[in-house]
Amino acid sequence: AYYMIFVTGTIHVREAYGVSLSVAGLSGGIMVIGCLSGRFASGSLLSFFGCRVILFAGLLLYAVSMAAFFLAGSLPLVFVQRLLTGIAVGVTGTATGTIVAYVIPRESHGLGISLFTMSTAVALAAGPFLGIALVSGPGYGAVVWTSFIFGMICLAVFFALKTLPHMLKKHRPMTD
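Definitions and limits used
Residues numbered from 1 in each chain as written. Predicted model: local features only at pLDDT ≥ 70, side-chain atom pairs only at ≥ 80, totals over all residues. Heavy atoms only, no water. Helix = DSSP H or I, 4+ residues; strand = E, 2+ residues; numbered from the N terminus. Rg over C-alpha atoms; globule rule 2.2 N^0.38 Å. Buried < 20%, exposed > 50% of the residue type's maximum accessible area, 1.4 Å probe, protein only. Contact = heavy atoms within 4.5 Å. Polar contact = N/O pair within 3.5 Å; in protein donor to acceptor, adjacent residues only side chain to side chain. Axes fitted to C-alpha atoms, helices over the stretch in contact; angles between N-to-C directions. Left-handed = near helix turned anticlockwise from the far one by under 90°. Nonpolar A, V, L, I, M, F, W, Y, C, P; charged D, E, K, R; others polar.

Peer 1: I'm lost on the overall build of the protein in this one. Help?
Peer 2: Within the protein one finds 6 helices and 0 strands. Rg of the C-alpha trace for the protein: 17 Å, near the compact-globule value of 16 Å for 176 residues, within the 12% margin. Oriented by its inertia axes, the alpha-carbon framework of the protein measures out at about 50 × 40 × 25 Å. Burial statistics for the protein: of 176 residues in total, 39% are counted as buried.

In structure tokens:
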């Protein structure tokens, strides 16, 4: 969903708000900045709150930020929505990667992590393809609805998970 929005979002912003290509491109850049910020912040938060809380927070923020797209009636609000979506993707991606590293048995770490990271390559191919197909057909609203539905499916899967791994190292105070 992230790559689907990332590729098609600039075109939508340009057409919907009549802005220059550089301003429309900023909407994509803001999403990347949000993603990096989410990854940076969630790393230490994982050891403090644990995998379950951080993954839930990321998934919930993603679903809310996608729904917020329909309320963003101005370019500044779209920028805020994109920033929140990026943060959510960063938090969710960091939590998911951490969970995968904990769940995969040590003897299968190489294979398991390589299969997990291969999903990024699949997303890089499938996301833009699906996004462009949706924009070319039903329109950009279908991209947002599809992304929102993906977010809701992820939340449903989250609630279906019985257990998530506990962090091996707990958060240490900044000062000793």
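Peer 1: Whenever I open this one, the environment of R52 confuses me. Can you help?
Peer 2: With respect to the helices and strands, R52 occurs in helix α3 (residues 51-68). For R52, a relative accessible area of 34% translates into the label partly exposed. Taking C-alpha positions, R52 is 8.7 Å from F158, a pair spaced 106 residues apart along the chain. Residue contacts for R52: discarding those within four places in its chain leaves F158, L161 and L164.

Peer 1: Even after reading the chapter, I still don't get the side chain of S27, so can you show me in this structure?
Peer 2: Tracing the backbone shows S27 in helix α2 (residues 21-49). In this structure the side chain of S27 is engaged in a polar contact, spanning 2.6 Å, whose partner is the backbone oxygen of A24. What S27 contacts, discounting residues up to four positions off in sequence, is G9, T10, V13, F79 and R82.

Peer 1: Honestly, the packing of α2 against helix α4 (residues 75-103) in this entry has me stumped. Any pointers?
Peer 2: Pairs of packed helices are described in terms of their axes, by the angle between the two and the distance that separates them. Viewed as axis vectors pointing N to C, α2 and α4 meet at an angle of 35 degrees, and their least axial separation amounts to 6 Å. Seen along the crossing, α2 lies across α4 with a hand that is right-handed. Classifying every residue of the contact of α2 with α4 gives 13 nonpolar, 11 polar and 2 charged.

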